[in-house]
Amino acid sequence: MEINDKSGVVDYQASTDRYKSMKYNRSGKSGVLLPAISLGLWHNFGFIDNLQNGREIVRCAFDRGITHFDLANNYGPPFGSAEENFGTILKKDFKSYRDELFIATKAGYDMWPGPYGNLGSRKYLISSLDQSLKRMGLDYVDIFYHHRPDPDTPLEETMGALADIVRQGKALYVGISNYEPKETQKAATILKDLNVPFILHQARYSMFDRWVEDGLLNTLEQNGVGCIAFSPLAQGMLTDKYINGIPEGSRASKNMTYLNTEAVNNNLEKIIKLNNIAQERGQKLSEMAIAWILRQPQVASVLIGASSATQLKENLKALDNLEFTDEELKLIDEIV
C-alpha cells in the first residue's frame, strides 16, 4: 500500500553528470582542486529560512559540480543555525557523498557571551570547532579558517591552535580570512614552520572592492596559497537588480548593515556602464562580475550565495564566458 505523500520531496540521487560542466582550479600549490564557483551559506540557511529551499539549493549545487560548501560558526541567524541546518541536509541527502565534498567552517567573530567566545584565542578556536562539528554531525571539516585577525592575541597562539586542530584530525587544511598582506605573510611563515597545510585565504573581492590587488594576491602567490573570493557581487550591487531603481523588498530597500540605498545610488552610474559591457559580452552583469574575478590566477574559487536554485543556476552561467579582451578590461578599469 502506498502512503499519501504529496510533498513532492523525493530521495536524493546525485546527477551522474555532475563533474562534466564545472571548472576546477588548484588552490595555490596544494593538492586541492576547488570548483571555480563555491556555495556560501552565510544567508538563506538559518532557522528563519525555509529548510527545504536550502536543501534544494545544495542539491542543485552538487548536481552541477559544486563540491565546496562554506560555513562559519555564526552563520544563521541565529548563530549556529546554518551549520545545524546544513548538518540536517548532509544526513538526509549526502551521507554517501561525504568524500566528494570539501566542507569549510570558521571562527573569529562573536559567537557566545563571555571572554572565550570571540576573536583568536586557542580556547575559542578549539571550542568553536568542536561545537561546529557537533552541529554538522561531522568527524572533521576539510578546512578550518581563522575568520579575522585578533589584535590582542599573539599570532603564534592562533596559528598554533590551527596546527593542533589539524594534528587532532578535526580539519585537513587550514586557512585565514580578512588578513592584510603583512599579517598573511607572518601567518604563512608560522604555519610553514609548524608544517601545517595552509592552502586558502578567504577575502572580500569584487569590481567595487579591489583591496586584494594591493599586495595580498602577490603575497599568496609567493607562499603557494590560493584565494577564495567572497562578496563578488558587492552585496547585490553588481547585478541588474538596481538598474531601474531600488525594488521594494530588496536588500538595499531594507537598509541592511551591508547595503543601503545610498551605496546603490552612489554607484548607479558605474553599475549601468558595467551592465552595458556585460550585455555586449552576452552576459548578465552578475555573470561578468564573477568571471572578472576568476581571471586572476591566484583565485581558486569565487564564493557565491543563493536564495534559490534558480538564482544559483543563473550565476553558474558565468563559467560559459570567462575570457576578457584587453579592451574590455581597460573599460572596466576606467569605470570602477
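Our subject is the structure listed above.
An account of the accompanying structure is given in this report.

1. A look at the pairing of strand β9 (residues 226–230)
- The buried count for β9 comes to five of five residues, which makes it a mostly enclosed element.
- Two elements, strand β8 (residues 198–204) and β9, share five bridges in a ladder whose sense is parallel. Bridge assignment links histidine 201 to a residue of β9, and that residue is cysteine 227.
- One crossover worth recording links β8 to the parallel β9 by way of helix α6 (residues 216–222), and it is right-handed.
- Across three bridges, the pairing between β9 and strand β10 (residues 299–304) is parallel. Across the sheet, alanine 229 pairs through a bridge with valine 302, a residue of β10.

2. Considerations on the packing of aromatic side chains
- Throughout the structure, instances matching the rule amount to eleven aromatic pairs.
- A ring pair is formed by tyrosine 12 and phenylalanine 94, whose centres lie 5.1 Å apart and whose planes are at 45°; its orientation type is tilted. One end of the pair, tyrosine 12, is in the segment before β1 (24–26); the other, phenylalanine 94, is in helix α2 (residues 81–94), and 82 residues separate them in sequence. Both residues of the pair, tyrosine 12 and phenylalanine 94, belong to the buried class.
- Taking the centre distance of 6.1 Å and the plane angle of 65° together, the rings of tyrosine 12 and tyrosine 97 count as edge-to-face. On the criterion of sequence distance, the pair formed by tyrosine 12 in the segment before β1 and tyrosine 97 in the loop between α2 and β5 (102–107) is long-range, its members being 85 residues apart.

3. What to know about unusual backbone geometry
- Put simply, glycine 76 and proline 77 share a cis peptide bond, and its omega is -5°.
- Looking at where proline 77 falls in the secondary structure, it is placed in the loop between β4 (68–70) and α2.
- For the bond from proline 77 to proline 78, the omega torsion is -10°, close enough to zero to count as cis.
- Structurally, the position occupied by proline 78 is in the loop between β4 and α2.

What counts and how
Residues numbered from 1 in each chain as written. Predicted model: local features only at pLDDT ≥ 70, side-chain atom pairs only at ≥ 80, totals over all residues. Heavy atoms only, no water. Buried < 20%, exposed > 50% of the residue type's maximum accessible area, 1.4 Å probe, protein only. Helix = DSSP H or I, 4+ residues; strand = E, 2+ residues; numbered from the N terminus. Pairing = 2+ DSSP bridges. Right-handed = clockwise from strand over helix to strand, strands pointing away. Phe/Tyr/Trp six-rings, centres within 6.5 Å; stacked < 30°, edge-to-face > 60°.

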